[in-house]
Every structure is written in C-alpha cells, then in structure tokens.
Amino acid sequence: MSLLNRRRFVAALAAAPAFAQARSGEARVLQFSHLHTGETLEVEYFAAGRYLPDALGAVNHLLRDFRSGDVGTMDPALLDLLHALRAQTGSRKPYQIISGYRSPATNRMLHERSSGVATRSLHMSGQAIDIRVADVPLAQLRNAALALQRGGVGFYPGSDFVHVDTGRVRAW
C-alpha cells in the first residue's frame, strides 16, 4: 500500500466513528398499539445522542404486564431493534403489541399452561416483545428480524406474531 493510500485509509478509519456517532444521534421514533389494553403511543425515545427518560417511562408503562399491571424496565436496545426492524421492512404502521414485559408471576402462570413459554423468559427482564405489523406479512417481519442478527427471533404463524429479543442470536 502506498503512503498516500495508507493516509487515506487511516483518515477514513478516523472519520468512521464520527459518521457513526452522527447517525446514532438521529431522532428515533416508534409507534405502538397494544392489542390487549387498546392503548396507543407514538414516541420519540432517542434524540440528540441520548435516550429520553420520560419517553422510556411512557414505553415502560405501555408495555407493562397487562395481566397484573406491573411495570418493568424495557431494554433500550430492544427499542433500537424495533426501530431498525421498522427501517428494514419499510413499515409505516404501529407495532401491534401482543406481549411486552411480563412479571415473574405472570410468566410462571403462562409457563404452566404452555410449554412454549420459557421459564427464564426475556420478557421478565424487558428484553423481549411479541409483535406484528399491519402492513408487513408475518414471514417478511420474521425474515427482516433474522437478517438484523440482533437477538432471538421466534416465529408463531398460528398465533399471528413474531417474538424478538435482545438475547443471544438464535431462531425458532
């Protein structure tokens, strides 16, 4: 590599974090429609390079355990995953929420009723959500989530939802 090319390469490497940081500072907005509570929310949860505490609180409230009313803390990385998934699919409709946060008691009850509910579900730590979107076919939503490689993806066509989480990358 010539000295000139080496300098260009080093300059490009030095500029990359600044470019990534500038992009990461862009506002991020999500829309939700909770199918069990009827509540809706459109929220800018990230702006000027930081998460917005009041917006995160509103998301936590909306995605609470609808069975018990318990409010958990949703992982901001999960919101970023949803934001990326929206961009990947081109969706313009709100995420339809089937399940967000689950209290340990709710998760235990659901686990006793169904072998499909994990004992240590990431829903209990605010790292998982079950969703669908009106303008994206379910299989396309699953495929987009798989392509992101940001966590687990479960496909439940019989129940009409996709599970995404910020755990290790895996699929079922």
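So, here's what we can say about the structure. (Residues numbered from 1 in each chain as written. Predicted model: local features only at pLDDT ≥ 70, side-chain atom pairs only at ≥ 80, totals over all residues. Heavy atoms only, no water.)

**Quick word on the overall build of the protein chain**
At step 1: Along the protein chain, the regular secondary structure elements total 5 helices and 8 strands.
At step 2: Helices and strands appear in the protein chain in the N-to-C order α-β-β-β-α-α-β-α-β-α-β-β-β.
At step 3: Taken across its 172 residues, the protein chain has 40% of its residues classed as buried.
At step 4: Counting only contacts in the protein chain whose residues sit at least 6 apart along the sequence, the fraction spanning at least 24 positions is 54%.
At step 5: With the model as given, the accessible surface of the protein chain reaches about 9300 Å², and the carbon-plus-sulfur share is 53%. (Helix = DSSP H or I, 4+ residues; strand = E, 2+ residues; numbered from the N terminus. Buried < 20%, exposed > 50% of the residue type's maximum accessible area, 1.4 Å probe, protein only. Contact = heavy atoms within 4.5 Å. Areas by Shrake-Rupley, 256 points an atom, 1.4 Å probe, with all protein chains shown as cover.)

**Here we look at the pairing of strand β7 (residues 161-165)**
At step 1: With 5 of 5 residues buried, β7 lies mostly within the body of the structure.
At step 2: Here strand β5 (residues 128-133) runs beside β7; their pairing, made up of 4 bridges, is antiparallel. Within β7, the residue paired with I129 across the bridge is V164.
At step 3: Here 4 bridges tie strand β6 (residues 152-156) to β7, and the two strands are oriented antiparallel to one another. When the sheet's bridge partners are listed, Y156 is paired in β7 with F161.
At step 4: Where β6 hands over to β7, the hairpin turn is made up of 4 residues, of which D160 adopts a positive phi near 65°. (Pairing = 2+ DSSP bridges.)

**With respect to the packing of helix α3 (residues 76-89) against helix α5 (residues 138-148)**
At step 1: In the contact formed by α3 and α5, the axes pass within 9 Å of each other and the chain directions differ by 120°. When the interaxial angle is binned, α3 and α5 end up oblique. In terms of crossing hand, the pair formed by α3 and α5 is right-handed. Residue-level inspection shows L81, A84, L85, Q88 and T89 of α3 in contact with α5, the latter providing Q140, L141, A144, A145, A147 and L148.
At step 2: Partitioned by chemical class, the residues of the contact of α3 with α5 number 8 nonpolar, 3 polar and no charged. (Axes fitted to C-alpha atoms, helices over the stretch in contact; angles between N-to-C directions. Parallel < 35°, antiparallel > 145°, perpendicular 65-115°, else oblique. Left-handed = near helix turned anticlockwise from the far one by under 90°. Nonpolar A, V, L, I, M, F, W, Y, C, P; charged D, E, K, R; others polar.)

**What to know about the nonpolar core**
At step 1: Ranked by size, the top nonpolar core spans 35 residues in total, and within it F32, L82, L85, Y95, I129, I131 and V164 carry the most contacts.
At step 2: Mapped by element, the contributors of at least two residues to this core are β1 (28-34), β2 (40-47), α2 (53-62), α3, β4 (95-99), β5, α5 and β7.
At step 3: Top contributing element to this core by residue count: α3, with 6 residues.
At step 4: Sequence-distant contacts of I131, that is, excluding residues within four places in its chain, are made with L82, L85, Y95, Q96, I97, I98, L138, L141, F161, V162 and V164. (Core = buried A, V, L, I, M, F, W, Y, C linked by side-chain atoms within 4.5 Å.)

**A word on the side chain of D65**
At step 1: If you trace the backbone, D65 turns up in the loop between α2 and α3.
At step 2: Buried charge D65 goes without a salt bridge, the closest partner of opposite sign being R67 at 4.9 Å.
At step 3: Polar contacts involving the side chain of D65 include one to the main-chain amide nitrogen of S68, which spans 3.2 Å.
At step 4: Not counting residues within four places of it along the chain, the set of residues in contact with D65 comprises D70, Y101, R102, S103 and T106. (Lys, Arg positive; Asp, Glu negative; His and termini not counted. Salt bridge = Lys/Arg side-chain N within 4 Å of Asp/Glu carboxyl O. Polar contact = N/O pair within 3.5 Å; in protein donor to acceptor, adjacent residues only side chain to side chain.)

**Remarks on the sheet that holds β1**
Hydrogen bonds between backbone groups are what pair the strands of a sheet, and the pairing can be parallel or antiparallel.
At step 1: Spatially, 8 strands are ordered β3-β2-β1-β4-β5-β7-β6-β8 in an open sheet, and the strand pairing comes out mixed. Whereas interior strands pair on both sides, the edge strands pair on one side only; in this sheet they are β3 (50-51) and β8 (170-171).
At step 2: The strands touched by α2 are β1, β2 and β3; relative to β2, the strand with the most contacts, the crossing angle is about 145°.
At step 3: Packed on one face of the sheet, α5 meets β5, β6, β7 and β8 and runs near 165° to β6.

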